[in-house]
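Inside the fold
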Amino acid sequence: MKKIFLLSVILFSIFSCQNNSLKKDFIGNWSTSSDDPNYDLNIDVQFFNDSMVVDNSLFLENYSTKWQVKDSKIEGTILRSTKYFEQPNFISDYKFSFEKDTLYMKRANDSMPYIRYLKIKNGYKYFENKIGLNIKLPKTDKELKQNRNRQRRFNIYVSYNDGKLVAKSSSDFHRANNLDKITSQAFAFWAHQGRDPDYNNFQFNLFTDKSIDEFKIDSVKNLLKSGPFKRIFRVYTNEKHNYEKTAWKDKIKWFGLYE
């Protein structure tokens with residue numbers, strides 16, 4: 001009997017060590033890739049040793065599970081169930097990229113394609129993933145001001161993607177993926193805000209990659225100013241305001257200059 005008990009303890013220890021070894025690549029924060037062509041979802045997943053927490057915008061819910069790794073599958077038990085998850089257990093197929101910075105998951109034996117998740121280390125990388133662009137902000141020695149206009153700001157993101165200059169815009173209500181549409185989107189944003197006749201209440205928040213020369217930046221600013229409002233708040237970074245020193249999903253306080 002003692003031998004059987006000892007053997008059981010040894011086997012359990014071996015399984016636990018193997019499971020923890022497989023788990024180590026998962027531990028951290030993951031978000032669905034904004035450029036995944038298969039899904040228009042916003043899912044955030046946090047893996048811990050004893051649980052995983054999923055925040056799913058599709059259901060406006062988050063939930064936590066116990067989980068373990070068995071070969072190429074994740075098996076979990078939902079601890080905090082919702083009306084969308086009547087079955088407490090689930091099994092998912094998974095695979096990693098070679099660098100282990102991209103995770104692919106889908107429901108086991110499902111014909112749907114894998115959902116792609118990126119490992120996110122800080123609040124700025126989370127921001128870049130959501131807008132679908134990598135932007136290395138320009139540095140300045142000037143004293144920066146905090147952007148406190150939260151209600152009536154229209155964000156513009158300008159960077160290079162595969163060698164091409166790309167501009168995107170976003171607000172809570174409107175999005176555009178090229179400069180040609182930004183002006184019309186700005187008018188739509190202004191109209192949605194009640195056509196406030198005081199344009200000084202509105203502003204563009206301009207995020208630009210530091211590799212873009214000022215001549216092109218001036219062209220972008222001139223195009224923006226041809227729209228309904230003229231104020232441009234350009235975001236910068238410096239030693240005091242390093243946005244990469246933020247936690248995952250932090251709401252970033254932007255600093256910059258009016259130009």
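Description of the structure in this document. (Residues numbered from 1 in each chain as written. Predicted model: local features only at pLDDT ≥ 70, side-chain atom pairs only at ≥ 80, totals over all residues. Heavy atoms only, no water.)

**Concerning the overall build of the chain**
From N to C terminus, the chain includes four helices and 15 strands. For the chain, the accessible area works out to roughly 15700 Å², and carbon and sulfur atoms hold 51% of it. (Helix = DSSP H or I, 4+ residues; strand = E, 2+ residues; numbered from the N terminus. Areas by Shrake-Rupley, 256 points an atom, 1.4 Å probe, with all protein chains shown as cover.)

**Some words on unusual backbone geometry**
Residues apart from glycine generally show negative phi values, whereas peptide bonds are mostly found in trans. Backbone geometry at Asp71 places phi at a positive 55°, although glycine is not the residue there. For Lys100, which is not glycine, the phi dihedral falls at a positive 65°. Relative to the elements of secondary structure, Lys100 occurs in the loop between β6 (89-96) and β7 (102-107).

**What about the nonpolar core?**
In this structure, Phe26, Phe47, Tyr94, Leu103 and Tyr117 are the most contacted members of the largest nonpolar core, which totals 19 residues. Only β2 (43-47), β3 (52-56), β4 (61-70), β5 (73-78), β6, β7 and β8 (115-119) provide two or more residues apiece to this core. Excluding anything up to four places from it in sequence, Tyr94 contacts Phe26, Val69, Asp71, Ser72, Lys73, Ile74, Leu103, Tyr104, Met105 and Tyr114. (Core = buried A, V, L, I, M, F, W, Y, C linked by side-chain atoms within 4.5 Å. Buried < 20%, exposed > 50% of the residue type's maximum accessible area, 1.4 Å probe, protein only. Contact = heavy atoms within 4.5 Å.)

**A closer look at the environment of Asn161**
You can see Asn161 is positioned in strand β10 (residues 153-161). Of the residues examined, Asn161 reaches a relative accessible area of 39% and is grouped as partly exposed. On a C-alpha basis, the gap between Asn161 and Asn134 in space is 8.1 Å, while along the polypeptide they are 27 residues apart. Setting aside anything within four residues of it in sequence, one finds Asn161 in contact with Leu133 and Val166.

**A closer look at the pairing of β6**
Note: β5 against β6, five bridges, orientation antiparallel. Bridging across to β6, Lys73 finds its partner in Asp93. Relative to β7, β6 runs antiparallel, the two being bridged by five bridges. Bridge pairing in β7 places Lys95 opposite Tyr104. The hairpin turn running from β6 into β7, its antiparallel successor, is five residues long, and Lys100 in that turn takes a positive phi close to 65°. (Pairing = 2+ DSSP bridges.)

**Topic: the packing of aromatic side chains**
Applying the stated rule across the entire model yields 19 aromatic pairs. With 5.2 Å between their ring centres and 45° between their planes, Tyr157 and Phe207 make a pair best called tilted. Of the two residues, Tyr157 sits in strand β10 while Phe207 sits in strand β13 (residues 203-208), which places them 50 residues apart along the sequence. By relative accessible area, Phe207 is classed as buried at 2%. Ring centres of Phe233 and Tyr258 lie 5.0 Å apart, and the angle between their planes is 70°; this geometry places the pair in the edge-to-face category. Of this pair, Phe233 sits in strand β14 (residues 232-235) while Tyr258 is found in strand β15 (residues 255-258), placing the two residues 25 residues apart along the sequence. Classification of Tyr258 by relative accessible area gives partly exposed; the value is 37%. Taken together, the ring pairs connect Phe26, Trp30, Phe47, Trp67, Tyr94 and Phe96 into an aromatic cluster. (Phe/Tyr/Trp six-rings, centres within 6.5 Å; stacked < 30°, edge-to-face > 60°.)

**Points about the pattern of salt bridges**
Under the criterion given, the structure shown has 13 salt bridges. With a shortest N-O distance of 3.0 Å, Lys221 and Glu259 are connected by a salt bridge. Taken together, the residues span a long stretch of sequence, with Lys221 in helix α4 (residues 214-225) and Glu259 in the segment after β15 at a distance of 38 residues. When its relative accessible area of 12% is taken as the criterion, Lys221 is described as buried. Judged by its relative accessible area of 30%, Glu259 is partly exposed. Via salt bridges that share partners, Glu214, Asp218, Lys221, Arg234 and Glu259 belong to a single interconnected network. (Salt bridge = Lys/Arg side-chain N within 4 Å of Asp/Glu carboxyl O.)

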